[in-house]
Each structure stands twice: as structure tokens, then as C-alpha cells.
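Results of the structural survey
Each chain, letter by letter, is given below.
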Amino acid sequence: MRLGDVLREILRENGIERIFTNLKLESRDVIQQMAVYVANGKADVCLPEKETTLSYTLDGKRVKQPTQAFVGECGKKLFGRYELITRAEKRKFPYILVDCSFFDLHSRKEKSKIRTQIKVTLGVIRDFMWDEKLVIAGKKFEEVNATYCDSPSEFILSEGLKKIILLDPNADKVYRGEKADCFVIGGIVDKSGDKKGLTSKIGENLSMDGVEFESMRIELMGDVIGVPDRINSITEIILLTVLDGVGVESAIRQVQSPLVARWRLRKELPKITERLDGKKVFRFVRKSDFERFKWLNISFSDFLEVCKQMGFLVVDDRIYEEIHKLPYDEHKGRYLLHSE
């Protein structure tokens, strides 16, 4: 359930099936965006003060019918932020806490990347919840409307949060879709210098402050390679899982960029290649092997390109069958075009 679903629920209880706003709408889910305006205190839900010829149904479809309620500034208020947030909090929407305490250890370029990722993360938060659910510790970004605090521990303890999950690629435990009051993500870009292990350092700080938590890593088919590591991507994977009920690996595939998918493909391909000994030794795969990687967000052209980069031949399945009729050298692990 997303915040927009909570708004739909309240509207239906009030007999409202069509709604309209003159606020700027950019989201694919216009009801969710209206809900964010209300939750952020930027608008109320009101009785229409003048008749309109257009409105949105609660599934977001624009129709040529008069509206039954209006989102914006108005005199005849039906309900507002308080009522929406009160109902939403009963649904246990989690906090996403990004710890930027180590921001100053980054290069100028890395700092710019973190800022960009934080901005995009707020957009992800708005697709599911509302701005206050994004918490940023240790650094203030004036351009990002979020909840700010000095440290993760300060926020967690002050809010009395009980179930805490620290997302750490080096954790021993694998994340399986567990829900939590708060998910902690490291605001870290590890592209230069020695910043490995900083996420684990976040855990050490939580422990020293008396905060109980679980460290978990997100895996795809038994490996962290291929799991998007951007702050916004990790956030989206978590929210797809805990709010939309999507399986962890399905959520990863939805969020995974083709670039990240190709990184994982480079690791997987050598496991399935076979060898052919002709004038020189070739490693090859079949065209149909592409079907074995449907769990990655890759196209057939991506598959061919990675094979080319790695020097692997891609052969038609008919040719593959012919190769398998050739003599096979068990010792060298290759098919032979010539007898030895």
C-alpha cells in the first residue's frame, strides 16, 4: 500500500470517486502526487467551490465529468494533512534513513553524485510515501525537503523505533523482504580513497549508542554483484518489497539498469561457456543461452555485446549441436575439430 491508496480509501469513505486539482502533476500516479501535496501540508482536500468539466477517477484516469472534490487551497475543507497522516501512520510506512556522516571524506565529484542520488531518492520516496519519511543524518541538503538529524541513533531513539535494518553489502545475513520501522542506508560513494567498510562503521556507531538493529545485504541469485548500489535504487528496491509486496529479486530487476545487469552477466557467462579447439581455442555459448538470464534486465543485444567484449563466440543452436558431436578431450575440457 502506498500513500495514494490511503487517500483513495478516505475519499471512498466520503463517497468521492472523482477528484481534481490545479496543482502541477508530473507523476504517473496522479492520486499519489495529490496525496503527497496533502501530506506535505501544501494542500487540503476540499468540496468543489465551482463546477469543473474535468476530473480524475481514483485509478488516475482523466475523465470529462465534474469533480466531487478538489485538492488545493479552499474554504470548504473536507480533510487535510492531519487526517491523512493519522490514517497513514496506522499502515506502518517505514522511514528511509540515509547516513551522510561521512560526506566530507568524499571527493568533490563524489559529493556531487551523493547530492544527485539524494535528490532522486526524494523522488522515489514521493512515489510511495511523503517527504518526512526520508531522513538524512549528518548533512543538510538545502535543496532536499526531508527530515534532518545529527545522527541515525539520535533519530531512532527519539522516535522510539524498534525494528531497524542496516543495509550493508558486507553483512552476513541476506535480506528476504523483512519489514522494519526504519531502513538505514549509507550515504557513501566508494569510487576513490579507502572508504570500504564505512557502512559497517555505521553499524558500530549504532551499537555504541545502544541501538539494536540487524545488518542485511541485498542479493541477486546468491551474489551482491548486479544489485544496484545507488541510494535511490536501494530505496526503491526496499519500498517495492515492503509496500508493494514485490519479491526482492523481482524488485531488483525492475530497478536494475542495463549497465549494472551487464556487470553481473560478465560474471555469469564464463560459468556456461564451452571450449572448441581448432586453429586456436575458442570459448562459445549458444544463442538460446540468453534465455537463462531472464532474471537480469538485459536485452538480446546486451547479451551479444557482452559476449563480444569477452571474446566468446555466440553460435546458433544447430551449430551447437554439431559441435557436440565432435570428439571431446576430457583432460583439456574441450571439443576437438581435429584428432590428436
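Throughout what follows, the structure given in this document is the object of discussion. As the structure is a prediction and not an experimental result, all values here were calculated from the model.

**Things to note about the side chain of Arg 217**
- Following the sequence through the fold, Arg 217 ends up in strand S13 (residues 214–217).
- With a relative accessible area of 18%, Arg 217 lands in the buried category.
- At 2.6 Å, the side chain of Arg 217 forms a polar contact with the backbone oxygen of Asp 172.
- Among all residues touching Arg 217, those that are not within four sequence positions of it are Asp 168, Pro 169, Ala 171, Asp 172, Lys 173, Val 174, Tyr 175 and Val 224.

**Describing the pairing of strand S1 (residues 18–21)**
- Neither face of S1 is exposed, since Arg 18 and Phe 20 on one face and Ile 19 and Thr 21 on the opposite face are all buried.
- Pairing geometry for S1 and strand S5 (residues 70–72), over two bridges, is parallel. Counted as the bridge partner of Thr 21 is Val 71 from S5.

**Topic: the packing of helix H7 (residues 231–242) against helix H8 (residues 248–255)**
- Where H7 meets H8, the axes come as close as 9 Å, and the angle between the chain directions of the two elements is 140°. The angle between the axes of H7 and H8 places the two elements in the oblique class. H8 is crossed by H7, and the crossing has right-handed handedness. Contacts between H7 and H8 involve Ser 233, Glu 236, Ile 237, Leu 240 and Thr 241 on the former and, on the latter, Val 248, Ala 251, Ile 252, Gln 254 and Val 255.
- Its residues assigned to classes, the contact of H7 with H8 shows six nonpolar, three polar and one charged.

**Digging into the side chain of Asp 99**
- Positionally, Asp 99 belongs in strand S7 (residues 95–99).
- Despite being buried, Asp 99 has no salt bridge partner; Lys 201 is the closest side chain of opposite charge, sitting 11 Å away.
- Within the structure, the side chain of Asp 99 is placed 2.5 Å from the side chain of Ser 101, a separation counted as a polar contact.

**What to know about the nonpolar core**
- Counting 82 residues, the largest nonpolar core has Ile 218 and Leu 269 as the members making the most contacts within it.
- Setting aside anything within four residues of it in sequence, one finds Ile 218 in contact with Leu 167, Tyr 175, Val 224, Val 227, Ile 234, Ile 237, Ile 238, Val 248 and Ile 252.

**Observations regarding the sheet that holds strand S8 (residues 134–137)**
- Spatially, S9-S8-S7-S12-S10-S13-S11 is the arrangement adopted by the seven strands of the open sheet, whose pairing is parallel. Of all strands in the sheet, those bounded by a partner on one side alone are strand S9 (147–149) and strand S11 (173–174).
- Relative to strand S12 (residues 182–186), strand S10 (residues 164–167) runs parallel, the two being bridged by four bridges. Counted as the bridge partner of Leu 166 is Val 184 from S12.
- Contacting S7, S10 and S12, helix H6 (residues 198–208) runs over the sheet at an angle of about 155° to S10.
- Set on the sheet, H7 makes contact with S7, S10 and S12; between it and S12 the angle comes to about 160°.

**Observations regarding the sheet that holds strand S18 (residues 334–336)**
- Strands sit in the order S16-S15-S14-S18-S17 across an open sheet of five strands; the sheet is mixed. If you trace the sheet from one side to the other, it starts and ends with strand S16 (312–315) and strand S17 (328–329), each paired once.
- As judged from the four bridges shared by strand S14 (residues 274–277) and strand S15 (residues 281–286), these two strands associate in the antiparallel manner. Paired with Glu 274 across the two strands is Phe 284, which belongs to S15.
- Against the sheet, helix H9 (residues 258–272) touches S14, S15 and S16, its axis set at about 105° to S15.
- Docked against the sheet, helix H10 (residues 300–309) engages S15 and S16, running at close to 140° with respect to S16.

**Quick notes on unusual backbone geometry**
- One non-glycine residue, Lys 92, lies in the positive phi region at around 60°.
- Looking at the element boundaries, Lys 92 is found in the loop between helix H3 (81–89) and S7.
- Here Met 221, not a glycine, exhibits a phi torsion of approximately 50°, which is positive.
- Here Met 221 is to be found in the loop between S13 and H7.
- On the basis of relative accessible area, Met 221 is assigned to the partly exposed category, the value being 44%.

Cut-offs used in this document
Residues numbered from 1 in each chain as written. Predicted model: local features only at pLDDT ≥ 70, side-chain atom pairs only at ≥ 80, totals over all residues. Heavy atoms only, no water. Helix = DSSP H or I, 4+ residues; strand = E, 2+ residues; numbered from the N terminus. Buried < 20%, exposed > 50% of the residue type's maximum accessible area, 1.4 Å probe, protein only. Polar contact = N/O pair within 3.5 Å; in protein donor to acceptor, adjacent residues only side chain to side chain. Contact = heavy atoms within 4.5 Å. Pairing = 2+ DSSP bridges. Axes fitted to C-alpha atoms, helices over the stretch in contact; angles between N-to-C directions. Parallel < 35°, antiparallel > 145°, perpendicular 65-115°, else oblique. Left-handed = near helix turned anticlockwise from the far one by under 90°. Nonpolar A, V, L, I, M, F, W, Y, C, P; charged D, E, K, R; others polar. Lys, Arg positive; Asp, Glu negative; His and termini not counted. Salt bridge = Lys/Arg side-chain N within 4 Å of Asp/Glu carboxyl O. Core = buried A, V, L, I, M, F, W, Y, C linked by side-chain atoms within 4.5 Å.

In short, the description is geometric, and any link to function would need to be established separately.
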